[in-house]
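# Close look at the chain arrangement
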Amino acid sequence: ISRYFDMLSNSFDIMSEGMEIEQYMKFRDTLTPASGFQSVQYRKIEIASTELINLIDYRHRETIDRETPYLHAFNHMYWQVAGKDHKTGKKSMLMHNFESRYKEELLSWMKRYNEVNLWTKFKALPEMDQQDMDLVNAMRHYDHTVNVLWVMAHLNAAKKYLNSGDKSAAATGGSDWQKYMHPKYQKRIFFPELWSEDEIENWGITNLESHEIVENEI
């Protein structure tokens, strides 16, 4: 999965360097109202990777705990921000269609992986295994690639094309896409305890490409 997201991150170079603005907008308009938001496989990968609290919209995390009903948690997932018109606050047609097709499937996925996600399984390992630097660095690489590199590659490609005219184009889902997408706003982190306070504070801002750590740093 980590290598898969490495490939996805690099793939944006092909689009951003290989298409003129007019070509991109024609391509985008042809797919409207479809959106990357509708890629349910990404939602499933996220849910299977970390505890649900780490996927909750940061503004609501303090209201969520282990006793929270799954439906309530679902309604406060970070991606709900993308499914609402940022001007009216109402769910977009994109969100209605997405939930009609995938809501029950994702609720079932949340229940299935609540206690067997990658992060929970890691924390259940013997202490010696949790200190294994190869494992820790592999998880940090995965976390950083999915939640920073891939997101920023997507964001930068969108900025190149959608901000190219006289005014910024709207997202296909109606969201305030520049705030929704940038990692610094949601601070979506799969494995928070594997990062320092400074790294978390500067999530998506500081260049963390050299994000491997050595034994005496953990």
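These lines cover the structure that appears in this document, whether it is placed above or below. (Residues numbered from 1 in each chain as written. Predicted model: local features only at pLDDT ≥ 70, side-chain atom pairs only at ≥ 80, totals over all residues. Heavy atoms only, no water.)

### Observations concerning the nonpolar core
So the rule is basically this: Take the buried residues of types Ala, Val, Leu, Ile, Met, Phe, Trp, Tyr and Cys, join any two whose side-chain atoms come within 4.5 Å, and each joined set is a nonpolar core. Buried means the residue's accessible area, taken with a 1.4 Å probe over protein chains only, is under 20% of the maximum for its type, while exposed means over 50%, and partly exposed covers the values in between. In this description a helix means any DSSP run of H or I spanning at least four residues, a strand means any run of E spanning at least two, and both kinds are numbered starting from the N terminus. The contact rule is simple, with two residues in contact once any of their heavy atoms fall within 4.5 Å.
Phe5, Ile47, Trp79, Leu106, Met110 and Leu194 are the most contacted members of the largest nonpolar core, which totals 48 residues. Sorting the residues of this core by element identifies helix 1 (2-18), helix 3 (40-49), helix 4 (70-75), helix 5 (93-113), helix 6 (118-123) and helix 8 (133-162) as the ones contributing at least two each. If near-sequence neighbours (up to four positions away) are discounted, leucine 194 is found in contact with Trp119, Phe122, Val136, Met139 and Arg140.

### A few points about the pattern of salt bridges
The line we're drawing: For salt bridges, the criterion is a side-chain nitrogen of Lys or Arg within 4 Å of an Asp or Glu carboxyl oxygen.
Throughout the structure, instances matching the rule amount to nine salt bridges. Residue arginine 188 pairs with glutamate 46 through a salt bridge whose shortest N-O separation is 3.7 Å. Of the two residues, arginine 188 sits in the loop between helix 10 (183-186) and helix 11 (197-201) while glutamate 46 sits in helix 3, which places them 142 residues apart along the sequence. Here the two residues arginine 188 and glutamate 46 agree in accessibility, since each one is buried. The closest approach of N and O atoms between glutamate 51 and arginine 66, which form a salt bridge, is 3.9 Å. Within this pair, whereas glutamate 51 is found in the loop between helix 3 and helix 4, its partner arginine 66 is found in the loop between helix 3 and helix 4, the two being separated by 15 residues in sequence. The buried category is assigned to glutamate 51, whose relative accessible area is 14%.

### Thoughts on the side chain of histidine 76
Tracing the backbone through its elements, the reader meets histidine 76 in the loop between helix 4 and helix 5. Contacts of histidine 76, omitting those with residues within four sequence positions, involve Ile56, Asp57 and His60.

### Focus: a nonpolar patch on the surface
Convention followed: Exposure above 30% relative accessible area and no salt bridge define the residues that can form patches, which grow by joining like charges within 9 Å and nonpolar side chains of Val, Leu, Ile, Met, Phe, Trp and Tyr within 5 Å. Per-residue accessibility takes into account occlusion by the displayed protein chains alone, with areas from the Shrake-Rupley method and a 1.4 Å probe.
A cluster of nonpolar side chains, contributed by Ile1, Tyr4 and Met7, occupies part of the molecular surface with about 310 Å² of accessible area. Inspection of the secondary structure assignment puts tyrosine 4 in helix 1. On the accessibility criterion, tyrosine 4 (34% relative accessible area) is partly exposed.

### Points about the environment of tyrosine 161
Following the sequence through the fold, tyrosine 161 ends up in helix 8. Between the C-alpha atoms of tyrosine 161 and glutamine 23, which are 138 residues apart in sequence, the distance is 9.9 Å. Each residue touching tyrosine 161, except ones within four places of it in the same chain, is listed here: Met15, Ser16, Met19, Glu20, Ile21, Tyr24 and Met25.

### Observations regarding the packing of aromatic side chains
Definition in use: Stacked, edge-to-face and tilted are the three classes for Phe, Tyr and Trp ring pairs, Trp counted by its six-membered ring, which pair at centre distances within 6.5 Å; planes under 30 degrees apart are stacked, over 60 edge-to-face, the rest tilted. Over a ring means this: the NZ of a Lys or the CZ of an Arg is within 6 Å of the ring centre and within 35 degrees of the ring normal.
In the structure shown here, the tally under the stated rule is 14 aromatic pairs. On the numbers, 4.9 Å between centres and 70° between planes, the contact of tyrosine 42 with tryptophan 150 is edge-to-face. Of this pair, tyrosine 42 sits in helix 3 while tryptophan 150 sits in helix 8, placing them 108 residues apart in sequence. Since its relative accessible area comes to 13%, tyrosine 42 is described here as buried. Under the relative-accessibility criterion, tryptophan 150 is labelled buried at 13%. Residues phenylalanine 74 and tryptophan 79 carry aromatic rings whose centres are separated by 6.3 Å and whose planes lie at 75° to one another, so their mutual orientation is edge-to-face. A residue is classified by how much of its surface remains accessible, and phenylalanine 74, at 0% relative accessible area, is buried. The rings of Trp119, Phe122, Tyr142, Phe190 and Phe191 are connected pair by pair, giving a single aromatic cluster. Above the plane of the ring of tyrosine 78 lies arginine 188, whose end atom (NZ or CZ) is 3.8 Å from the centre.

Keep in mind these values describe shape, not function.
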